[in-house]
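Structural overview
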Amino acid sequence: LGQVVVENVWKSYGQTLVLRGVSLTVDPGEVVGIIGPSGSGKSTLLRTINHLETVDRGSVTVDGTYIGYERKGGRLHELPERDVLKRRTEVGLVFQNFNLFPHLTALQNVTEAPVDLGRVAKTQARIEALQLLERVGLADHAGHYPRQLSGGEQQRVAIARALALHPKVLLFDEPTSALDPELVGEVEDVIRDLAHEGTTLIIVTHEIGFVREISDRIVFLDHGEVLEEGTPEQVLDHP
Ligand code: ADP
Ligand code: ADP
């Protein structure tokens, strides 16, 4: 599971048209890299996928379900906020700037959402969080606060936190661009493992070597339109 279907999505901010009829289907287990110039709408596209942004026209579904709406009697109705929050957890988003809670330890950052949402009891959440921290190579940093961690470590905690909600799809918005160059590799290693485990991933990044290596498909966005789409070779190896 974890199919994303974006169909003819249009989005503007005031007078600025940011997405112009974007369509994109990501199959379960597929890894899609989104590249394109700054301001081309990559971040906005990711945010529409988990309904952090609404669309002006078009639709986005995850495994056939709308995150912000439900279909009743053939018509779409907006869902109440708490239902949106629940459905949004199916699509994890990892941000450029980690966005960890500064007053919580690494472990607490990972347990917070599942406990808050009533998914699991605290003890069980802790056990799972420790396993996740181990998976991203940070089992021995569980008690550290974000300020005591390097950027790469913080981003790996952020990935563990996203995984704690068992999302069907994981979105990455420039996950390594706030990192010092020597720390990029450790975050890429974690994403690479997720790709090999069959998680559906959509990754916005400027690290062309990395997207080329891990993507099944690359989408090139320009001025809010899909300009090109294909295998890494098709999109990146132009004559
Ligand atoms: P990218 O991720 O490719 O750099 P973005 O999706 O962040 O592109 O931005 C696309 C365009 O939308 C830019 O022109 C940006 O200024 C504009 N934009 C993004 N978010 C907002 C917003 N919340 N309000 C107004 N304009 C925005
Ligand atoms: P990023 O693309 O790195 O994720 P943002 O999406 O936060 O960054 O912002 C992208 C661009 O959108 C920036 O140029 C920013 O100035 C512009 N932007 C973001 N939010 C707004 C807003 N509410 N109103 C106008 N412009 C915005």
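Keep in mind that what you see is a predicted model, and the values were worked out from it rather than measured. (Residues numbered from 1 in each chain as written. Chains lettered and ligands numbered in written order. Predicted model: local features only at pLDDT ≥ 70, side-chain atom pairs only at ≥ 80, totals over all residues. Heavy atoms only, no water.)

Some words on the side chain of Asp173
Examined against the element boundaries, Asp173 turns out to sit in strand 8 (residues 169-173). For the buried residue Asp173, which engages in no salt bridge, the nearest side chain bearing the opposite charge is Arg47, 6.4 Å off. One polar contact links Asp173 to Ser43, side chain to side chain, over a distance of 2.7 Å. Apart from the residues within four sequence positions on either side, Asp173 is in contact with Ser43, Leu46, Leu93, Val94, Phe95, Gln96 and Val204. (Helix = DSSP H or I, 4+ residues; strand = E, 2+ residues; numbered from the N terminus. Buried < 20%, exposed > 50% of the residue type's maximum accessible area, 1.4 Å probe, protein only. Lys, Arg positive; Asp, Glu negative; His and termini not counted. Salt bridge = Lys/Arg side-chain N within 4 Å of Asp/Glu carboxyl O. Polar contact = N/O pair within 3.5 Å; in protein donor to acceptor, adjacent residues only side chain to side chain. Contact = heavy atoms within 4.5 Å.)

Some details on the packing of aromatic side chains
One pass over the full model with this rule turns up 1 aromatic pair. Ring plane angle 90 degrees and centroid distance 6.5 Å describe the contact between Tyr66 and Tyr69, whose orientation is recorded as edge-to-face. When the ring centre of Phe101 is taken as reference, the NZ or CZ atom of Arg161 above it lies at 5.5 Å. (Phe/Tyr/Trp six-rings, centres within 6.5 Å; stacked < 30°, edge-to-face > 60°. Lys NZ or Arg CZ within 6 Å of the ring centre and 35° of its normal.)

Describing helix 4 (residues 122-135)
For helix 4, spanning 14 residues, the distance from its first C-alpha to its last is 20 Å, which sits close to the expected 20 Å at 1.5 Å a residue. Those residues of helix 4 that fall on the buried side of the exposure criterion are Ala125, Ala129, Leu132 and Leu133. The arc that holds the buried residues of helix 4, viewed along the axis, is 100 degrees, so those residues lie on one side. Across helix 4 from its buried face, at more than 90 degrees, point the exposed residues Thr123, Gln131 and Glu134. In this structure, the buried side of helix 4 is in contact with helix 3 (106-116) and helix 5 (151-163). Directly after helix 4, the chain includes Gly137, whose backbone phi takes a positive value near 80 degrees. (Expected span 1.5 Å × (residues − 1). Arc of directions from axis to C-beta.)

Focus: the environment of Arg161
Looking at where Arg161 falls in the secondary structure, it is placed in helix 5. Considering only alpha carbons, one finds Arg161 and Ala129, 32 residues apart in sequence, at a separation of 7.9 Å. For Arg161, the contacting residues outside a window of four places in its chain are Phe98, Asn99, Leu100, Phe101, Asn109 and Val110. A polar contact of 3.2 Å, which involves the side chain of Arg161, links it to the backbone oxygen of Phe98.

Here we look at the sheet that holds strand 2 (residues 16-26)
Reading across the sheet, the 3 strands line up as 2-1-4 and stay open at both edges, with antiparallel pairing between neighbours. The sheet is open, and its two edges are formed by strand 2 and strand 4 (57-62), each paired on a single side. Across the sheet, the mean angle separating the axes of adjacent strands is 20 degrees when strand polarity is ignored. Bridging between strand 1 (residues 4-13) and strand 4 involves 5 bridges; their strand directions are antiparallel. (Pairing = 2+ DSSP bridges. Axes fitted to C-alpha atoms, helices over the stretch in contact; angles between N-to-C directions.)

Read these as spatial facts, not as claims about activity.
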